[in-house]
Amino acid sequence: MTEPVWAAEVAAVGPDSVTVTFVTEPGVDVETTVGNVTVVTTGPFHHVSVGGLPPDTDHSLSVAGVPSDALVPATVRTLPAPSGALLATVATVNDVHFGETVCGMIHTATEEELGPWVRSAPGERPYPVTMNEAAVAEIADLSPDVVVAKGDLTCVGSDEEYGAFLATYERFGDRLHHVRGNHDAMLDPTLALQGAPYAVALGGATLAVVDTVRPTAAGGQITREQLGWLDETAAATSGPVLVFGHHQIWDVHAPDRPADYFGVDPDSSEAFTALVGRRENIVGYFAGHTHRNRIRRFAESRHVPFVEVGAVKEYMGVWAEYRIHEGGYTQVLHRLRAHDAMDWAERTRHLYGGIYPEYARGPLEHRCFTYAF
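Now for a quick tour of the structure. Just so it is clear, the structure is predicted and the values come from calculations on it, not from any experiment. (Residues numbered from 1 in each chain as written. Predicted model: local features only at pLDDT ≥ 70, side-chain atom pairs only at ≥ 80, totals over all residues. Heavy atoms only, no water.)

Turning next to the overall build of the chain. Helix and strand counts for the chain stand at 8 helices and 19 strands. The C-alpha radius of gyration of the chain comes to 20 Å, within 12% of the 21 Å expected for a compact globule of 373 residues. In terms of its C-alpha atoms, the chain occupies a principal-axis envelope of roughly 65 × 50 × 45 Å. Sorting the 373 residues of the chain into buried and exposed places 56% on the buried side. The long-range share in the chain, meaning contacts at least 24 apart out of those at least 6 apart in sequence, stands at 68%. (Helix = DSSP H or I, 4+ residues; strand = E, 2+ residues; numbered from the N terminus. Rg over C-alpha atoms; globule rule 2.2 N^0.38 Å. Buried < 20%, exposed > 50% of the residue type's maximum accessible area, 1.4 Å probe, protein only. Contact = heavy atoms within 4.5 Å.)

Glancing now at the packing of helix 2 (residues 127-142) against helix 6 (residues 339-347). The relative placement of two packed helices is expressed as an angle between their axes plus a distance between the axes. Following both chains from N to C, one finds helix 2 and helix 6 inclined at 125°, their axes separated by 9 Å at the closest point. As judged from the angle between their axes, helix 2 and helix 6 are oblique. For the element pair helix 2 and helix 6, the recorded crossing hand is left-handed. Two secondary-structure elements touch here, helix 2 through Tyr127, Thr130, Met131 and Ala134 and helix 6 through Asp340, Ala341, Trp344 and Ala345. Here the contact of helix 2 with helix 6 is built from residues that sort into 6 nonpolar, 1 polar and 1 charged. (Axes fitted to C-alpha atoms, helices over the stretch in contact; angles between N-to-C directions. Parallel < 35°, antiparallel > 145°, perpendicular 65-115°, else oblique. Left-handed = near helix turned anticlockwise from the far one by under 90°. Nonpolar A, V, L, I, M, F, W, Y, C, P; charged D, E, K, R; others polar.)

Taking strand neighbours across the sheet as the criterion, the 6 strands line up as 10-9-8-17-18-19 in an open arrangement whose pairing is mixed. The strands lining the two open edges of the sheet, one partner per strand, are strand 10 (176-178) and strand 19 (369-372). This sheet shows a mean twist of 20° between the axes of neighbouring strands, independent of strand direction. The pairing of strand 8 (residues 86-93) with strand 17 (residues 318-325) spans 6 bridges and is classified as antiparallel. Across the sheet, residue Leu86 finds its bridge partner in strand 17, namely His325. Along the sheet, helix 2 makes contact with strand 8, strand 9 (146-149), strand 17 and strand 18 (328-335), crossing strand 17 at roughly 20°. Relative to the sheet, helix 3 (residues 159-169) contacts strand 8, strand 9 and strand 10, its axis offset from that of strand 10 by approximately 155°. (Pairing = 2+ DSSP bridges.)

So, about the layout of surface pockets. Its boundaries defined by the atoms lining it, the largest pocket holds a volume of some 880 Å³. As for the largest pocket, its lining consists of 29 residues, of which Met105, Ile106, His107, His183 and Phe262 are closest to the centre. Grouping the amino acids of the lining of the largest pocket by side-chain chemistry returns 14 nonpolar, 11 polar and 4 charged. Its volume calculated, the second largest pocket comes out at about 280 Å³. Of all elements in the fold, only strand 5 (45-50), helix 2, strand 17 and strand 18 reach the threshold of two or more residues within the lining of the second largest pocket. A total of 4 residues in the lining of the second largest pocket trace back to one element, the largest contributor, which is strand 18. (1 Å grid on protein atoms, 1.4 Å probe; cavity = no way out; pocket = protein on both sides within 12 Å on 5 of 7 lines; lining within 4 Å. Points joined across faces, edges and corners; volume = space filled by probe spheres on them.)

On to a nonpolar patch on the surface, then. On the surface, a nonpolar cluster with roughly 270 Å² of combined accessible area is contributed by Val156, Met186 and Leu187. Position of Leu187 among the secondary structure elements: in the loop between strand 10 and strand 11 (198-202). (Patch = residues over 30% accessible without salt bridge, like charges linked within 9 Å, V, L, I, M, F, W, Y side chains within 5 Å. Areas by Shrake-Rupley, 256 points an atom, 1.4 Å probe, with all protein chains shown as cover. Salt bridge = Lys/Arg side-chain N within 4 Å of Asp/Glu carboxyl O.)

So, on to the nonpolar core. Phe165, Tyr169, Leu207, Val243, Phe272 and Tyr329 are the most contacted members of the largest nonpolar core, which has 87 residues in total. The element contributing the most residues to this core is helix 2, with 6 residues. Among residues more than four places away in sequence, those in contact with Tyr169 are Val93, Val96, Phe98, Asn132, Ala135, Val136 and Leu176. Judged by nonpolar contacts, the second largest core, of 18 residues, contains Val34, Val48, Leu53 and Val76. (Core = buried A, V, L, I, M, F, W, Y, C linked by side-chain atoms within 4.5 Å.)

What follows is about the sheet that holds strand 3 (residues 29-34). As summarised here, the arrangement of the 4 strands in space is 4-3-6-7, forming an open sheet in which the pairing is antiparallel. Every interior strand has two partners, whereas the edge strands, strand 4 (37-42) and strand 7 (75-77), have only one. Here the strands of the sheet are splayed against their neighbours by 25° on average, with no regard to which way each runs. One ladder, built from 3 bridges, connects strand 3 with strand 6 (residues 58-63); its direction is antiparallel. Bridging from a neighbouring strand, Thr32 pairs with Val63 of strand 6.

Moving on, we get to the pairing of strand 18. Most of strand 18 is tucked away, with 7 of its 8 residues classed as buried. With antiparallel pairing between neighbouring strands as the criterion, strand 17 and strand 18 make up a hairpin whose turn holds 2 residues. Bridge analysis of strand 18 against strand 19 gives 4 bridges, and the strand direction is antiparallel. Note on strand 19: the bridge partner recorded for Tyr329 is Tyr371.

Before going further, it helps to spend a moment on the packing of helix 4 (residues 224-235) against helix 5 (residues 266-278). Their axes nearest at 11 Å, the elements helix 4 and helix 5 cross at an angle of 10°. By the angle between their axes, helix 4 is roughly parallel relative to helix 5. Together, Leu227, Leu230 and Asp231 of helix 4 and Ser268, Ala271, Phe272, Leu275 and Arg278 of helix 5 make up the contact between the two elements. Residue classes in the contact of helix 4 with helix 5 are distributed as 5 nonpolar, 1 polar and 2 charged.

If you want it as structure tokens, here you go:
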């Protein structure tokens, strides 16, 4: 009799790899086959990553005991690899929330209305420590050229929480760059601002880091001054410019223009997308804030990806890798593989009355994609 497998899903597909995750009872061995490669993992937490695959190629996929469905299809296709030489590798994290003790809390709703909320068990380490230490270890294994932390480094913006973030990520030294999120500006309007906007030059590519925060507000903005700076930064180079910030942009095709929009306000969003439309070497904007994986594209901005990446601190428990080539870049999402991190991620899978998995996970093509210049 086959032991039950649950929470099975293809977490990521890159140009040369496929990652599948699932859960069983402890001690249960399960075979996962990608193409002609079979991997056996032992429960409870299974993180299967098969590498060395050819790009832009169909590969059969099966997990023993799991019928094929939308989350575990019978065939997956690796991404096309960008053309040209590799210029740089970048890793990003966001919504790491040092100091948080209650996961899933929304201040406009009670736990009875939209719970249950999830807390670390007595005697456990705080879950932001567990998740961020796992992320740091994995990113260190990748050894990227740069690490960008895109805000919400803290829970309430205290010096102690910010210090915990710096202490955890200090192993990256001067490769670490960060900017604040709305949680980081609740007490001190300058905490973690880091002089943004600022640029990081990387072997022909430029990372442009902008500040999207309106202190004490949940929603954000990109000021006219920053847009002017970004315009000048893009004009000064012929190489690709990748923009990073905390808040996601507003849907510029939406019929309503809420003054209290949760992301970058409508006026700023329209000005930003117009700038991207004019500057052909701006090739992507990468945010956090929403704790979900989603891409928005607009004809007026040349269908450049405006990307949201899920949170480190809870389901799916992810960070992102960018491989920047002369002819394009690839985003590959990485789901944390440490067992204690997977344990916490699974415990937070069903936040908000069970709607969270579909919301946070997003479509596979929004988690992993290649964009050609």
